[in-house]
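A closer look at the structure
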Amino acid sequence: MIVMGGIVGSGIFINPYVVALHVHTPFLILGVWILGGVLALLGAFIWAELATRMPSAGGQYLYLREAYHPSVAFLYGWVLLLVTQTGGMAAVAVTFAKYFREISGSTASDGTIAATALLGLTAINCLGARAGSNVQSLLMLLKAGAIVAMVVLGLWLGGGSLHPLPLLDRPISLGLAGTIGAAMIPIAFAYGGWQTATFVAGEMRDPRRELSRGLIAGVLGVVVLYLAVNFVCVRVLGPAGLAATHTPASAVMRAALGTRGAQWIAVGIAISTLGFLSQGILTAPRVYYAMARDGLFFQSVGYLSPKTGAPIVAIVLQGIAATIIALSGRYEQILNYVVSIDFISFALTAAALFIFRRRERSVALPGPSSAGSPAGSSRNAAIYGVPGHPYTTTLFVLSCAGIVASTIWTYPANSAFGFVILLAGIPVYLYWSRKAGGANVGDGL
């Protein structure tokens, strides 16, 4: 539920039309969504092995720290807190507010409703990982139910038909490859989020077993849901009709049940956005906690509640930051800045697997094992292995690099600003590392 909740937000109800603007046949539309699912599954395999190697709080932050240097991990956490996580949560919270107003008729502003949702979920997650995960599981089940209902009703009552031919909308060429690459950008974003489940590994009873299984099962579940949604959209609306509407989920439900159907799917979208917020508030603060534990952030952020074991200061910090961005109304601009940065971190994290395996092979001298280079047959036996490594891992890294290149080419100004935000974290890291004692940061490297 945590893995699926980190992926499924409001995007699947909207993004199908963005993809249909680039590719125009059922075969291509469904095909690129399958490619996106394969890419996400490759990532899940990689993160599953990394999680069994280092089953501690922090997830991706921890992997980057142990593979490269504490500075790389800090810059990841810096962008996560300053823009990626909080900006994304702010955008989704305002999306929730818009649908909530439509459903309830409330006269409160979008910012007020968004802030209420963010702070309410922040308070729940301060009660501990179990309380947060229970709420997350409930919301995930509800939004999965909404997606299934949309698919079933669309197929049963929506009408339309699927015409498999022609397979391609243009001859095989570089132009076709370019349009497929452009279509993959929103798909890659729609499938993103599975990596956040690793942030809470330190609070799982058996992360080596549960997290590896949860990552793979969760991503597979999302692939099935996403393909079902796109199939019903293409069948009911047709490729041209899908590209012509900005609200494909509402259009499908309106075709099936009229105005009432559109109202019902609005409720489903509101629940879906709330579930995405719940997952983000549950998982990401564990990164800030890990940064504080390494001496790279305010010491108070590393405080754990003695009653629940939750990093309540980190949770509140993120909740307040996301609320400020939501109230500022500038979340959309902020989100555009970090597109390329996000996939650079994916590529670096996946490449870390090569580093850990090389260290593992080179360990010949006796001594204590580090977090990134487990020693001992019992521990090695417990490590999940990526199927097809190194080929599948290389394919994932190259795919992420391709998405970064495509994004920089398409949005050069926004990408440049994202790099400015990233580089601004370097002097901040130097300050905290000196304050922490420099060489003591990230001991065990």
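Preceding block: the structure.
Reference entry: report on the structure contained in this document. (Residues numbered from 1 in each chain as written. Predicted model: local features only at pLDDT ≥ 70, side-chain atom pairs only at ≥ 80, totals over all residues. Heavy atoms only, no water.)

**Thoughts on the overall build of the protein**
A tally of helices and strands in the protein yields 18 helices and zero strands. Just so you have it, the protein exposes about 18,300 Å², and 68% of that area is on carbon and sulfur atoms. (Helix = DSSP H or I, 4+ residues; strand = E, 2+ residues; numbered from the N terminus. Areas by Shrake-Rupley, 256 points an atom, 1.4 Å probe, with all protein chains shown as cover.)

**A few points about the packing of aromatic side chains**
On inspection of all chains with the given rule, the structure shows 13 aromatic pairs. Ring centres of Trp 47 and Phe 346 lie 6.1 Å apart, and the angle between their planes is 90°; this geometry places the pair in the edge-to-face category. With Trp 47 in helix H3 (residues 26-53) and Phe 346 in helix H15 (residues 339-362), the pair connects residues that are 299 residues apart, well separated along the chain. Judged on exposure class, the residue Trp 47 and its partner Phe 346 are both buried. With a centroid separation of 5.0 Å and 80° between ring planes, the pair formed by Phe 298 and Trp 432 is classed as edge-to-face. On the criterion of sequence distance, the pair formed by Phe 298 in the loop between helix H12 (285-293) and helix H13 (312-328) and Trp 432 in helix H18 (residues 412-436) is long-range, its members being 134 residues apart. Given a relative accessible area of 48%, Phe 298 falls into the partly exposed group. Among the aromatic side chains, those forming a connected cluster through ring pairs are Trp 47, Phe 343, Phe 346 and Phe 396. (Phe/Tyr/Trp six-rings, centres within 6.5 Å; stacked < 30°, edge-to-face > 60°. Buried < 20%, exposed > 50% of the residue type's maximum accessible area, 1.4 Å probe, protein only.)

**A closer look at a nonpolar patch on the surface**
Taken together, the side chains of Leu 119, Val 316, Ile 320 and Ile 324 define a hydrophobic patch exposed on the protein surface, amounting to about 340 Å² of accessible area. For the nonpolar patch, the leading source of residues is H13, giving three residues. Owing to a relative accessible area of 34%, Val 316 belongs among the partly exposed residues under this scheme. (Patch = residues over 30% accessible without salt bridge, like charges linked within 9 Å, V, L, I, M, F, W, Y side chains within 5 Å. Salt bridge = Lys/Arg side-chain N within 4 Å of Asp/Glu carboxyl O.)

**Remarks on unusual backbone geometry**
Cis geometry is found at the peptide bond from His 389 to Pro 390, where omega equals 10°. By the element assignment, Pro 390 lies in the loop between helix H16 (377-382) and helix H17 (391-410).

**A closer look at the side chain of Thr 52**
Structurally, Thr 52 can be placed in helix H3. Exposure remark for Thr 52: the relative accessible area of 0% places this residue in the buried category. Side-chain polar atoms of Thr 52 contact the backbone oxygen of Glu 49, separated by 2.8 Å. (Polar contact = N/O pair within 3.5 Å; in protein donor to acceptor, adjacent residues only side chain to side chain.)

**What to know about the nonpolar core**
Ranked by internal contacts, the top residues of the largest apolar core, which has 104 residues, are Trp 33, Trp 47, Met 150, Trp 194, Val 219, Tyr 226 and Phe 396. Once residues within four sequence positions are removed from consideration, Trp 47 is found in contact with Gln 60, Tyr 63, Trp 194, Gln 195, Thr 198, Leu 215, Phe 346, Thr 349, Ala 350 and Phe 396. Of all hydrophobic cores here, the second largest spans 24 residues; its members include Leu 75, Leu 81, Leu 422 and Trp 432. (Core = buried A, V, L, I, M, F, W, Y, C linked by side-chain atoms within 4.5 Å. Contact = heavy atoms within 4.5 Å.)

**Remarks on empty space enclosed by the protein**
Tallying each qualifying case throughout the model produces one cavity of 30 Å³ or more. Lining the largest cavity are Gly 36, Leu 39, Ala 40, Ala 188, Tyr 191, Gly 192, Trp 194, Phe 343, Phe 346, Phe 396 and Cys 400. Within the residue set of the lining of the largest cavity, elements represented by two or more residues are H3, helix H8 (174-191), H15 and H17. The element that contributes the greatest number of residues to the lining of the largest cavity is H3, accounting for three residues. Looking at the lining of the largest cavity residue by residue, the class counts come to nine nonpolar, two polar and no charged. (1 Å grid on protein atoms, 1.4 Å probe; cavity = no way out; pocket = protein on both sides within 12 Å on 5 of 7 lines; lining within 4 Å. Points joined across faces, edges and corners; volume = space filled by probe spheres on them. Nonpolar A, V, L, I, M, F, W, Y, C, P; charged D, E, K, R; others polar.)

**Description of the pattern of salt bridges**
For the structure on display, the rule yields six salt bridges. In this structure, Arg 53 and Glu 49 form a salt bridge, with 3.0 Å as the shortest nitrogen-oxygen distance. On the criterion of helical spacing, the pair formed by Arg 53 and Glu 49 is a turn pair, its members being four residues apart in helix H3. Each member of the pair, Arg 53 as well as Glu 49, carries the same accessibility label: buried. Measuring nitrogen to oxygen at the nearest pair gives 3.1 Å for the salt bridge that ties Arg 101 to Asp 110. Residue Arg 101 is classed as partly exposed on the basis of its relative accessible area of 32%. Looking at Asp 110, the relative accessible area reads 16%, which means it is buried. Among the charged side chains, a network of salt bridges with common partners joins Glu 49, Arg 53, Arg 357 and Glu 360.

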